[in-house]
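As a plain string of letters, each chain reads:
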Amino acid sequence: MSRDTPADREESIIQPDGGTEPAHEDIDYLDREVNLLRPSTPFMRDHLKIIWSSFVLWALVVFGPVTLTALAPEMMTVQTPLFGFPLHYFLVSFGAPTGALILATVYTRYRDRLDQKYGIDPDAVESTAPETGEAAATDGGVEQ
Amino acid sequence: MTVPLQAEALDISFKLVPAIIVFLMMASFLVIGYVFKVADTEGMWVAGRGIGNIENGMAIGANWMSAASYLGLAGLVALSGFYGLAFIVGWTTGYFVLLIFLAAQMRRFGKYTAPDFVGDRFNSPTARALAAFTTLLIAYVYSVGQARGMGLVGQYVFGLDIIPMIVVMMTITVGYLALSGMLGATKNMAVQYTILIVAFLAGVYVVGFSQGYSTILPQIEYGALIADLGREFSAPFVNQPFYLWIATAFSLIVGTCGLPHVLVRFYTVRSERVARWSCVWGLFFILLLYWASPAMAAFGVDLFQTTTGASAYAAEGGMSGAEGDVIVVLAAQFADLPTWFVGLVAAGAMAAAIATTAGLFITASSAVAHDIYTELINPDATQRQQVLIGRGTIIGMGALVTVTAFNPPALIGELVAYAFSLAGTVLFPMFFLGLWWENTNRQGALAGMVLGLLIWITSIINSVLPSYIGALEAIAGEGGALVPIYAQYVPPIGAALIGTPLVFIVTIAVSLATPEPPLETKKMVRQCHSPEPMGQQETAADVVGDNTGGGTPADD
């Protein structure tokens, strides 16, 4: 996990729309709006790209086969050479859940890569023992 | 009141070795619960936030896979054919949506319970109370299915009538839960997952192998059997129409993302990265069972037809609902496997039911002790009082669930699905909008939740209650629903397909029409999406509080 060189970082801040977005380090994330449809930081934009593209694939894998079965029953219920499954049965009972697992793994890998790109070390989290008593319940641990 | 359904084909008698297996398993849960027993609220509800990847993945799996997955799923696939697959799809693929939209953000928000999120995010004690009420309702409906599963399996092992069996099993579950909290429960869940997955896969492999159905991959080798099982097993939309299929799958997917006892698992992990990976692991562990479940259903139906000589589907001599619910155990019994082995399969079902009931009761008890009692009634409650109230809730709920399970209105899987459509309609839109659109405000959330609750409750009154209440049954007549058109488009099992989008629209519209939420709340939402690492015990509210220099975060 090598941190980006300053040169790489320079590159990553040039936006497609040519705007001058400040570098990740200079962004105060608490000042940027959260809106699913209008990402306001480069990080959020990159993250949402992964989210939406994997979400569309997911929707196709999950609802595609069953919808096709309703639209074209003859085509979808043919017996496949694979152990004699009817096609629709295999795609729904095995394909959809397995597809979701594969997409979940892919998403999580990409998301980790995103952390790398922005030089974030998620394991930098300090592990502290929970503070005892009521203080922990109302304040939580205070570090950083 | 009708007599509870018994599974006629099930060999009901006392069996020594299976009884010992079940007894040892229960005893080990109690010991683990006792060893890891907790006395403070941190431990009771979020396990000190120190759980790792695979352990949390297994806990997610155990928490998730209830009697509905272990027993009910194969039953649904066996009895409802292609429609049953909607449950497989709905109960697995929803984890992906949970992963990309909610898991890590929830971890960053970092409070204790789901109602906590709703109350803090929308700055409203009323919203908190509504969420806590919904949480209780979900836990209740969901647990009835579990208690019923425990009772059916208990019958096989101990040979008693179903009612005493439900009472005994629920008593043991409640006992161990009241002793330990979430920490004990999490440690137990990893053990419970191992027991249930080993028992289930052993069942599928041994039945498949001994009967000549399959060798090394029963998960797909059952395909060869499908052509012999008749149209009812595989032909699309013969049992239920396309609309209900989609409605069911959709409800189960959004329900997955709205279930408080699922979300709370992400509060227990070390960091948001662990939250993401444990979600992926959880889905994998769940799939180990869900890949094999339709195979078990196919074996079970075929064995039922060979053993009883009748079609599993014919109106006369077909499988009863109760038999469908225990098809996993029945298949092992029909395959003439040794009693101890069938007992092992049955014990796995017990582990599944107990693990989920544990998770549900913990969330219900925290909803009462933390969200209702401490936040609304007595803000100065001591830890001692909170834990006491929590335990009281577990015992009270246990009693209520036990009584309802004597005569449940539907199959195990269907009962559980009702809870999912409630979660998907009422809570999922609050989590989703609350995390992804900072301008969602209190008024919007309240309007949305009230509407969601209304949709679900009317749907249940419309389609489920008539079979309980004579006066309603008379009005409903043949179709079994008061308003047939409402039952067709908003069935209790798929109420979220119409309900969730409506709740989204209303929440957004009301939020736009009313003032924006305070800046501190918006900052809290921003903190949930910021890539900056945060402390293990820190919540979004802490960070915002520190940042603005103000002492306490915007609490109600």
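Since the structure is predicted, the reported quantities are computational estimates derived from the model, not experimental observations.

(A) Local environment of a nonpolar patch on the surface. Residues and elements named next belong to chain B. A cluster of nonpolar side chains, contributed by Phe14, Leu16, Val17, Ile20, Phe23, Leu24 and Trp340, occupies part of the molecular surface with about 780 Å² of accessible area. Per-element accounting of the nonpolar patch gives the leading share, five residues, to helix H1 (residues 16-35). Position of Phe14 among the secondary structure elements: in the segment before H1. Among the residues examined, Phe14 registers a relative accessible area of 52% and is labelled exposed.

(B) Quick peek at the environment of Pro408 of chain B. Residues and elements named next belong to chain B. Structurally, Pro408 is set in the loop between helix H19 (383-405) and helix H20 (412-436). Taking the relative accessible area as the measure of exposure, Pro408 reaches 14% and is therefore buried. Sequence spacing of Pro408 and Tyr468 is 60 residues, and the spatial spacing of their C-alpha atoms is 9.6 Å. What Pro408 contacts, discounting residues up to four positions off in sequence, is Val144, Arg148, Leu415 and Tyr468.

(C) Quick look at the nonpolar core. Residue and element names in this part refer to chain B. Within the largest apolar cluster, 219 residues are counted, with the highest numbers of intra-cluster contacts made by Trp64, Tyr70, Trp91, Phe233, Trp245 and Tyr290. Residue contributions to this core peak at 21 residues, all from helix H15 (residues 272-308). The contact partners of Tyr70, leaving out residues within four places of it in the chain, are Leu196, Ala199, Phe200, Leu289, Val328, Val345, Gly348, Ala349 and Ala352.

(D) Region of the structure containing helix H14 (residues 260-267) of chain B. Taken across its eight residues, H14 of chain B has eight buried, putting it largely inside the fold. The complete set of buried residues in H14 of chain B reads Pro260, His261, Val262, Leu263, Val264, Arg265, Phe266 and Tyr267 of chain B.

(E) Representation of the UniProt feature "domain: Sodium symporter small subunit" (unreviewed entry) in chain A. According to UniProt, the positions carrying the feature "domain: Sodium symporter small subunit" (unreviewed entry) are residues 41-121 of chain A. Split by type, residues 41-121 of chain A is 80% helix and 0% strand. Its first and last C-alpha atoms lie 19 Å apart.

Calculation rules
Residues numbered from 1 in each chain as written. Chains lettered and ligands numbered in written order. Predicted model: local features only at pLDDT ≥ 70, side-chain atom pairs only at ≥ 80, totals over all residues. Heavy atoms only, no water. Patch = residues over 30% accessible without salt bridge, like charges linked within 9 Å, V, L, I, M, F, W, Y side chains within 5 Å. Areas by Shrake-Rupley, 256 points an atom, 1.4 Å probe, with all protein chains shown as cover. Salt bridge = Lys/Arg side-chain N within 4 Å of Asp/Glu carboxyl O. Helix = DSSP H or I, 4+ residues; strand = E, 2+ residues; numbered from the N terminus. Buried < 20%, exposed > 50% of the residue type's maximum accessible area, 1.4 Å probe, protein only. Contact = heavy atoms within 4.5 Å. Core = buried A, V, L, I, M, F, W, Y, C linked by side-chain atoms within 4.5 Å. UniProt positions renumbered as here; feature names shortened; annotations may be inferred.

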